[in-house]
Amino acid sequence: ALVIGLIGLGLYNALDNATCFDDAYISLRYAENFVAGKGLVYNEGEYVEGYTNFLWTILVALFMWITPFEAPLIAVVGSLIAFAANLWVVWRISLKIAPPFHARAFAFPISVALLAVQNTFTDYGTTGLETAFASLLVNLGVLALISEDDAKHTFWAGLCWILATLTRPDHALFYAVGSAVVFFVHLGPTWRARKSGIQAIWHAGLKPMATYAAPFLLWLLHS
């Protein structure tokens, strides 16, 4: 009940502060022109990349195209959805890092409770900026990487962090750190399997490395 109350307080604070920040309107103008068929431009005919949140701009444009709502409302509601989803993801991460002692143990998700009412987190929960969405992608990547060491989970981690990079270029840092983690985690098994043939080497470590690296092609395509 306490956690639900704090989450409710956090949502209330986010809604109470709801406003579309001035910086968001740069991306929203690009999205509006894109939907209008003028291209991904701020002014028609001027092909300048003046946004720093490509994926967020495209998502806003997509929902403008398929719904009757205006860009500022879509952006603010999108931020709020990312805010709420992030709380769930952080709860899942906390259960992975510190699971209950047994199946029926009571687990108090203190990380979720504290995050829900943290000022910066709530302030950016309804701004129309890409901040909450990028944070959600980062935490989804963390959740995938700490869940299992298999190729499927390394792929999802890599995909989430590449999408985060397409949302905010500085988030390439998370993909880079994740690359180092995946490499060093699977370096030992790959080395130990070297005498068992290429198939054993592939399944022991190269496959998870390759699936993590595969989403990088999205960034290359964007570039």
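For the structure itself, consult the block above.
Since the model is a prediction, treat every value here as computed from it, not as a measurement.

Caption draft 1: Highlighting the packing of helix α8 (residues 151–167) against helix α10 (residues 198–213). α10 packs onto α8 with a crossing angle of 25° between their chain directions and a minimal axis gap of 7 Å. It follows that α8 is roughly parallel to α10 by the angle criterion. In terms of crossing hand, the pair formed by α8 and α10 is right-handed. Contact residues: A151, T154, F155, A157, G158 and W161 in α8; K207, P208, T211 and Y212 in α10. A per-class count over the contact of α8 with α10 returns 6 nonpolar, 3 polar and 1 charged.

Caption draft 2: Looking closely at the environment of S135. Mapped onto the elements of the fold, S135 is located in helix α7 (residues 131–147). S135 sits in the partly exposed class, given a relative accessible area of 26%.

Caption draft 3: Spatial organisation of the pattern of salt bridges. Per the stated rule, a full pass over the model turns up 2 salt bridges. A salt bridge links E130 to R168; the nearest nitrogen and oxygen atoms lie 2.8 Å apart. Of this pair, E130 sits in the loop between α6 (119–123) and α7 while R168 sits in the loop between α8 and α9 (172–192), and the two are 38 residues apart along the sequence. Residue classification places R168 among the partly exposed positions, given a relative accessible area of 25%. Put simply, E130, R168 and D170 are held in one network by salt bridges that share partners.

So, how was this worked out
Residues numbered from 1 in each chain as written. Predicted model: local features only at pLDDT ≥ 70, side-chain atom pairs only at ≥ 80, totals over all residues. Heavy atoms only, no water. Axes fitted to C-alpha atoms, helices over the stretch in contact; angles between N-to-C directions. Helix = DSSP H or I, 4+ residues; strand = E, 2+ residues; numbered from the N terminus. Parallel < 35°, antiparallel > 145°, perpendicular 65-115°, else oblique. Left-handed = near helix turned anticlockwise from the far one by under 90°. Contact = heavy atoms within 4.5 Å. Nonpolar A, V, L, I, M, F, W, Y, C, P; charged D, E, K, R; others polar. Buried < 20%, exposed > 50% of the residue type's maximum accessible area, 1.4 Å probe, protein only. Salt bridge = Lys/Arg side-chain N within 4 Å of Asp/Glu carboxyl O.

None of this, on its own, says anything about what the molecule does.
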